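# Notes for the structure review
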Amino acid sequence: MSQSDVMPLSAASIRSNACTPEVFEGDKLCDLTRIFEPQTQMVIAPFDDESWSPEAMWGRMAREGRLAVMTLDGKPNREDLDDAFRVCSALGRLLSNLSEVFATLVGAQEVGIRWMWTCRPSCPRFHEDKVAIRAIYNHCGPGTEWVPSQYVDREYLGHKSGGLDDEVSGLLLDSSQIREVASGTLSVFKGKVWEDNPGLPIVHRSPPRSGTFRFVATLDLLD
Ligand SMILES: [Fe+2]
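From a predicted model like this one, the values you see are computed outputs, not experimental measurements.

### Side note on the overall build of the protein chain
A count of helices and strands for the protein chain gives 4 helices and 9 strands. Helices and strands appear in the protein chain in the N-to-C order β-β-α-α-α-β-β-β-α-β-β-β-β. Every one of the 223 residues in the protein chain was classed for burial, and the buried ones make up 29%. In the protein chain, once contacts between residues fewer than 6 apart in sequence are set aside, the share between residues at least 24 apart is 73%.

### A short note on the pairing of strand S4 (residues 133-140)
Within S4, 7 of the 8 residues are buried, which leaves the element mostly enclosed by the surrounding structure. Sheet topology places S4 next to strand S9 (residues 214-221); 6 bridges connect them, and they run antiparallel. Considered in S9, the bridge of Cys-140 is made with Phe-215.

### A word on the environment of Asp-220
Looking at the secondary structure, you find Asp-220 in strand S9. You can call Asp-220 partly exposed: it has 19 C-beta atoms within 10 Å. Once the C-alpha coordinates of Asp-220 and Ala-103 are considered, the two residues, 117 residues apart in sequence, prove to be 9.2 Å apart.

### Regarding the sheet that holds strand S5 (residues 145-147)
Read from one edge of the open sheet, 3 strands run S6-S5-S8, paired in antiparallel fashion. This sheet does not close on itself; its edge strands, each paired only once, are strand S6 (179-180) and strand S8 (203-205). Where S5 and S8 come together, 3 bridges link them in antiparallel fashion. Looking across to S8, one finds that Glu-145 is bridged to Arg-205.

### Digging into the sheet that holds strand S2 (residues 42-46)
Taken in spatial order, the 6 strands line up as S1-S2-S7-S4-S9-S3 in an open sheet, and their pairing is mixed. This sheet does not close on itself; its edge strands, each paired only once, are strand S1 (23-25) and strand S3 (111-118). Across this sheet, the average inter-strand angle for adjacent strands is 15°, counted without regard to direction. As defined by bridge partners, S3 adjoins S9 across 8 bridges and the pair is classed as antiparallel. Its bridge partner being in S9, Trp-115 is matched across the sheet by Ala-217.

### Details of the environment of Ser-149
Following the sequence through the fold, Ser-149 ends up in the loop between S5 and helix H4 (166-169). Look at Ser-149 and you get partly exposed, because 17 C-beta atoms sit within 10 Å. As a C-alpha pair, Ser-149 and Val-203 span 54 residues in sequence and 7.3 Å in three-dimensional space. Leaving out residues up to four positions away in the same chain, Ser-149 has contacts with Glu-22 and Leu-200.

### Overview of the nonpolar core
Residues Met-42, Val-43, Phe-102, Tyr-137, Leu-186 and Val-188 are the most contacted members of the largest nonpolar core, which totals 37 residues. Put simply, the parts of the chain that give this core at least two residues each are S1, S2, helix H3 (78-106), S4, S5, strand S7 (185-190) and S9. Discounting residues that sit within four places of it in the chain, Tyr-137 has contacts with Phe-47, Leu-98, Leu-186, Val-216 and Ala-217.

### Regarding H3
Side chains that are three or four residues apart share a direction in an α-helix, a result of its 3.6 residues per turn. With 29 residues, H3 extends 42 Å between its outermost C-alpha atoms, agreeing within 8% with the 42 Å of an ideal straight helix rising 1.5 Å per residue. Of all the positions in H3, only Val-87, Leu-94, Leu-98, Val-101, Phe-102, Leu-105 and Val-106 are classed as buried. Backbone geometry just after H3 places Gly-107 at a positive phi near 70°.

Rules of the game
Throughout this document, residue positions are counted from 1 along each chain, in the order its sequence is written. A pLDDT threshold of at least 70 governs which residues receive local features in this predicted model, and a stricter bar of 80 or more applies before side-chain atom pairs are shown or counted, although totals over entire chains, interfaces and linings include all residues. We count a stretch as a helix when DSSP gives it H or I for four or more residues in a row; a strand needs E for two or more, and each element gets its number in order from the N terminus. With C-beta atoms placed from the backbone, a residue counts as buried when 20 or more other C-beta atoms lie within 10 Å of its own, as exposed when 12 or fewer do, and as partly exposed for counts between those limits. Residues are treated as contacting if the C-beta atoms built from their backbones sit within 7 Å of each other. At least two bridges found by DSSP between two strands is the condition for calling them paired. Axis definition: a line fitted to C-alpha atoms, limited for helices to the stretch in contact. Angles are taken between N-to-C directions and run from 0 to 180 degrees. Joined through C-beta atoms within 7 Å, a set of buried Ala, Val, Leu, Ile, Met, Phe, Trp, Tyr and Cys residues constitutes a nonpolar core. Multiplying 1.5 Å by the residue count of a helix minus one yields the expected span of that helix.

Written out as structure tokens, the structure is:
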């Protein structure tokens, strides 16, 4: 994909975040602890890591998905190798910081982390997570989309949608209520396996707009 294929960030139907009874948007990282309040299903907090910028650091690799580490005459391409080392080093720091925050929050000894730099949706349908708790870091590009529960008819989740798009299946009672998590934030979601949850998990999906690169990392419990 070339740079000219990258679409601008815009979606008229996407509303900015606002606190709802089940979602809390904080202004500091320690606000994530509000996920343990019984009525809270999702908390969003800023997680700025200015040392990590895949767009700037990956340069050509981010756009073309490759680096030329060897030249045609078999010699190392120093410039590209330096780029690769810089990316790996910064990525390692970022993943370590994210893991530490999530592990500390949930009291876990081990957490799993997946990340991607992609312009394709990974979970394009609205769904509930089948885990106890999960964190999603949206660094740049379109963010995770979610809908306040009062605008969702869960009868149409999954195969009950009849294969229809979420926008027409009956799942969304008001499609103008789709919200988008902002870039530079860490979101923590309760899932279906959270014990003694008096509410229901937030229905969410990865942004369906293809053509715009985003960097996202997902953290899960391993123990
Ligand atoms: Fe999910």
